[in-house]
Amino acid sequence: VAETLLKIKAVTFNTEKPYKFVSGILSPIYTDCRLLMSYPKEWESVIDSMLNIIINEIGIQNIDIIAGTATAGISHAAYLADKLNLPIIYVKSSAEEYGTQNKVEGNLKNGWRVLLIEDLISTGGSSISSVKAIRDAGGIVDNCLAIFSWGMEASKKSFEQENIKLITLTDFDALVNIAIKQNYIKPEDKEIVLEWTRDPSNWGRKMGVE
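**Description of the packing of aromatic side chains**
And then number 1: Taken as a whole, this structure holds eight aromatic pairs when the rule is applied.
And then number 2: Here the aromatic rings of Y19 and Y30 are separated by 5.5 Å at their centres, their planes lie at 35°, and the arrangement is tilted. With Y19 in strand 2 (residues 19–20) and Y30 in strand 4 (residues 29–31), the pair connects residues that are eleven residues apart, well separated along the chain.
And then number 3: Judged by centre distance (5.3 Å) and plane angle (65°), the ring pair of W150 and W196 falls under edge-to-face. Of this pair, W150 sits in the loop between strand 9 (140–149) and helix 5 (153–161) while W196 sits in helix 7 (residues 187–198); the two residues are 46 residues apart in sequence, bridging distant segments of the chain. Of the two residues examined, W150 and W196, each falls in the buried class.
And then number 4: Taken together, the aromatic side chains of F21, F148, W150, F172 and W196 make up a single cluster linked through ring pairs.

Shown next, in the form of structure tokens:
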């Protein structure tokens, strides 16, 4: 999966103008899993990898409905739901002030077991917010399946605290190792990337780019 993301150029690198995550963390690398939608063959391969985990690790019999996080997780969740012939809901980042003011859109029945689908995990804040919204609406969430994780300690703690099992297809370490082997990251930039992995929250300040 890491090779696929690199192949479609879903991974970009910039030390001079670092990327800013929703959490506020600055990073020299950005991964955009949304690009998969524009590459049908590669996208299907990633979805098949998710299906393999659902079948062999989570168990289809343990899922009543698929949930996608807005907006990046919705397309992957919809693809999976179609393959599994399961219903789908999606979770907005916040309830709107108009209409029904729902944060969870779709028909979620009380007690249904929900598999949450994410594109990527950074601090895990948005995912946990989605979990709480689903639980508040009556759903049961025990698992979150994502394409990519930055592997931050903050995310691991967040999922543990909410008793959620996080499963990802690939992570930052795998991505960096392959990127270096394939010369996607220049040797002189390798240390900058590795420095970010040691302390993501304070990397921007240390590098003088905040």
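**Description of the pattern of salt bridges**
And then number 1: Tallied over the entire structure, the rule returns 13 salt bridges.
And then number 2: One salt bridge in this structure joins K83 and E44, with 3.3 Å as the shortest N-O distance. Taken as a pair, K83 in helix 3 (residues 74–84) and E44 in helix 2 (residues 40–58) lie far apart in primary sequence, 39 residues in all.

**Digging into the environment of D142**
And then number 1: In this structure, D142 sits in strand 9.
And then number 2: Sequence separation between D142 and E162 is 20 residues, and the spatial gap between their C-alpha atoms is 8.9 Å.
And then number 3: D142 has contacts with V114, N163, I164 and K165, leaving out every residue within four places of it along the chain.

**Topic: the packing of helix 7 against helix 8 (residues 200–207)**
And then number 1: Relative to each other, helix 7 and helix 8 sit at 130°, their axes nearing to 6 Å. One way to sum up the angle between helix 7 and helix 8 is to call them oblique. The residues of helix 8 that touch helix 7, namely those facing I192, E195, W196, T197 and R198, are P200, W203, K206 and M207.
And then number 2: Residue composition of the contact of helix 7 with helix 8, by class: five nonpolar, one polar and three charged.

**With respect to empty space enclosed by the protein**
Where empty space is left in the structure can be found by rolling a water-sized probe over the atoms.
And then number 1: In total, this model carries one cavity of 30 Å³ or more according to the counting rule given.
And then number 2: Its volume calculated, the largest cavity comes out at about 30 Å³.
And then number 3: What lines the largest cavity is L6, V11, F13, I29, L175, V176, A179, Y184 and I185.
And then number 4: Looking at the lining of the largest cavity, the elements that each hand over two or more residues are strand 1 (11–13) and helix 6 (172–181).
And then number 5: Residue composition of the lining of the largest cavity, grouped by class: nine nonpolar, no polar and no charged.

The rules behind each value
- Residues numbered from 1 in each chain as written.
- Predicted model: local features only at pLDDT ≥ 70, side-chain atom pairs only at ≥ 80, totals over all residues.
- Heavy atoms only, no water.
- Phe/Tyr/Trp six-rings, centres within 6.5 Å; stacked < 30°, edge-to-face > 60°.
- Helix = DSSP H or I, 4+ residues; strand = E, 2+ residues; numbered from the N terminus.
- Buried < 20%, exposed > 50% of the residue type's maximum accessible area, 1.4 Å probe, protein only.
- Salt bridge = Lys/Arg side-chain N within 4 Å of Asp/Glu carboxyl O.
- Contact = heavy atoms within 4.5 Å.
- Axes fitted to C-alpha atoms, helices over the stretch in contact; angles between N-to-C directions.
- Parallel < 35°, antiparallel > 145°, perpendicular 65-115°, else oblique.
- Nonpolar A, V, L, I, M, F, W, Y, C, P; charged D, E, K, R; others polar.
- 1 Å grid on protein atoms, 1.4 Å probe; cavity = no way out; pocket = protein on both sides within 12 Å on 5 of 7 lines; lining within 4 Å.
- Points joined across faces, edges and corners; volume = space filled by probe spheres on them.

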